[in-house]
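Residue-level structure breakdown
Next come the chains, spelled out residue by residue.
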Amino acid sequence: MVGGCNEDVCVGREDLPVEHRCAENSAVEDCYREHGSCRRVQERCHWLESEALHQCVERTAGPVRVANCLFTMTASPGGGTRDVVRCNCSGRVFLVGAGPGDPKLLTVRGLELLKQADLVVYDHLVSPAVLAMCAPTAQKRYVGKEPEGRRVSQRSINRLLVQAARASKTVVRLKGGDPFVFGRGGEEALELAKAKVAFELVPGISSALAVPAYAGIPVTYRKLASSVAIITGHEDPTKGGSRVQWDRLATACDTLVCLMGVKTLPSIAKQLLRHGR
């Protein structure tokens, strides 16, 4: 019995045998009280777009596992109403930020997931000390992009994540810093959503904040710096030109942090000086 639902009380879909009918609201409430969520429901209870499923997903604000399948909430383009979308796999991908390198700066949630992962897909900037925290049984797959060396295409990475999740694996996509700060985490999240693969974002400490802090430089300071901007020094070459608006950015923020800018530092300095920095 899970969430107050068994074949004696399972009701809802009259066109299914008793052991396959949908649990109703009482099962949602029972499961939520017992587990703090409604992520695991007995396989014999097929929710199948029932009102209970909608309420459960809304209540837990996350994916729901039903009969080896996951359901997630999506917002409509116009806002307001939301729909339940069936995910065509039972695995899940976690986009995890590994932090700036020091394993002690990895989040508790990140460490927890490394201990649970079947597959860890990691980048070039992830330190060996962080990888050493993975479960002994975890498969590790390197997909780094080295400046003058091996490069794994983003398309290949996206395909790997989707295929592994559809094979019912728990996948940790491990990235240096924070996945959403120049880490292509947004691109991967979008591909997972398109493939209807459930995923979770686990933020990490970005070097944009950690490095200045370790150097004793506060990026904000009440009397001196009330704003900060993080800039990439290595834009996508396929964009056909820079999208950094140096004329506005040069004097718009008090503190500027540039990532991946070693090779382009002379050009960056020239742009900033030209526009009044």
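Small disclaimer: the values here were computed from a predicted structure and weren't measured.

1. Quick notes on the overall build of the protein chain
Along its length, the protein chain carries nine helices and 11 strands. Across the protein chain, the fraction of contacts at a sequence separation of at least 24, relative to all contacts at a separation of at least 6, is 59%. For the protein chain, the accessible area works out to roughly 15,700 Å², and carbon and sulfur atoms hold 52% of it.

2. A short note on helix α6 (residues 185–194)
When α6 is considered as a whole, its buried residues turn out to be Gly185, Glu188, Ala189 and Leu192. Take α6 and look down its axis: the buried residues cluster within an arc of 100 degrees, on one side only. Contacts from the buried residues of α6 go to β5 (92–97), α5 (154–166), β8 (170–175) and β9 (199–202). Directly after α6, the chain includes lysine 196, whose backbone phi takes a positive value near 60 degrees.

3. What about the environment of arginine 92?
If you trace the backbone, arginine 92 turns up in strand β5. Taking the C-alpha atoms as reference, arginine 92 lies 8.6 Å from valine 172; in sequence the two are 80 residues apart.

4. Section: the side chain of serine 206
For serine 206, the position within the fold is in the loop between β9 and α7 (207–214). Within polar-contact distance, the side chain of serine 206 engages the backbone nitrogen of alanine 208 at 3.1 Å. Those residues in contact with serine 206 that lie beyond four places of it in its chain are Gly177, Asp178 and Val181.

5. Overview of the environment of methionine 260
Examined against the element boundaries, methionine 260 turns out to sit in the loop between β11 (255–259) and α9 (265–274). Expressed as a C-alpha distance, the spacing of methionine 260 and glycine 233, which sit 27 residues apart in the sequence, is 5.0 Å. Among all residues touching methionine 260, those that are not within four sequence positions of it are Phe182, Thr232, Gly233 and His234.

6. Quick word on the packing of α5 against α6
Close contact between α5 and α6 brings their axes to 10 Å; oriented N to C, the two are set at 45 degrees. Classified by the interaxial angle, the pair formed by α5 and α6 is oblique. Between α5 and α6 the crossing geometry is right-handed. When α5 is examined against α6, the residues Gln154, Ile157, Asn158, Leu161 and Val162 are found in contact with a partner set consisting of Glu187, Glu188, Glu191 and Leu192. Within the contact of α5 with α6, the residues separate by chemical class into four nonpolar, two polar and three charged.

7. Examining the pairing of β8
Extensive coverage of β8 is indicated by the burial of five of its six residues. Bridge count for β5 against β8 is six bridges, and the pairing is parallel. Within β8, the position partnered with arginine 92 by the bridge is threonine 170. Taken together, the four bridges between strand β6 (residues 119–122) and β8 define a ladder with parallel strand orientation. By the bridge assignment, tyrosine 122 is partnered in β8 with leucine 174.

8. Section: the sheet that holds β5
Reading across the sheet, the five strands line up as β7-β6-β8-β5-β9 and stay open at both edges, with parallel pairing between neighbours. The sheet terminates laterally at β7 (139–142) and β9, the two strands that pair on one side only. Between one strand axis and the next, the sheet turns by 20 degrees as a mean value, whatever way the strands run. Strands in contact with α5 are β5, β6, β7 and β8; relative to β8, the strand with the most contacts, it is inclined by about 155 degrees.

9. A short note on the pairing of strand β10 (residues 228–232)
Both β10 and β11 contribute to a ladder of five bridges, which runs parallel. Bridge pairing in β11 links alanine 229 to leucine 256. In the classification by handedness, the crossover that spans β10, the intervening helix α8 (residues 246–252) and the parallel β11 is right-handed.

10. Some remarks on the layout of surface pockets
A probe matching the size of a water molecule, rolled over the atoms, marks out where space remains unfilled. Estimates place the volume of the largest pocket at around 1,500 Å³. Along the walls of the largest pocket sit 42 residues, with Leu125, Phe182, Arg184, His234 and Met260 positioned nearest its centre. Those elements that provide at least two residues to the lining of the largest pocket are β8, α6 and β11.

11. Things to note about the pattern of salt bridges
Throughout the structure, instances matching the rule amount to eight salt bridges. Across the pair glutamate 200 and arginine 109 runs a salt bridge, and its minimum N-O distance is 3.2 Å. Linking glutamate 200 in strand β9 with arginine 109 in helix α3 (residues 108–116), this pair joins segments that are 91 residues apart in sequence. Here aspartate 123 and lysine 175 are joined by a salt bridge, their closest N and O atoms 4.0 Å apart.

About the thresholds
- Residues numbered from 1 in each chain as written.
- Predicted model: local features only at pLDDT ≥ 70, side-chain atom pairs only at ≥ 80, totals over all residues.
- Heavy atoms only, no water.
- Helix = DSSP H or I, 4+ residues; strand = E, 2+ residues; numbered from the N terminus.
- Contact = heavy atoms within 4.5 Å.
- Areas by Shrake-Rupley, 256 points an atom, 1.4 Å probe, with all protein chains shown as cover.
- Buried < 20%, exposed > 50% of the residue type's maximum accessible area, 1.4 Å probe, protein only.
- Arc of directions from axis to C-beta.
- Polar contact = N/O pair within 3.5 Å; in protein donor to acceptor, adjacent residues only side chain to side chain.
- Axes fitted to C-alpha atoms, helices over the stretch in contact; angles between N-to-C directions.
- Parallel < 35°, antiparallel > 145°, perpendicular 65-115°, else oblique.
- Left-handed = near helix turned anticlockwise from the far one by under 90°.
- Nonpolar A, V, L, I, M, F, W, Y, C, P; charged D, E, K, R; others polar.
- Pairing = 2+ DSSP bridges.
- Right-handed = clockwise from strand over helix to strand, strands pointing away.
- 1 Å grid on protein atoms, 1.4 Å probe; cavity = no way out; pocket = protein on both sides within 12 Å on 5 of 7 lines; lining within 4 Å.
- Points joined across faces, edges and corners; volume = space filled by probe spheres on them.
- Salt bridge = Lys/Arg side-chain N within 4 Å of Asp/Glu carboxyl O.

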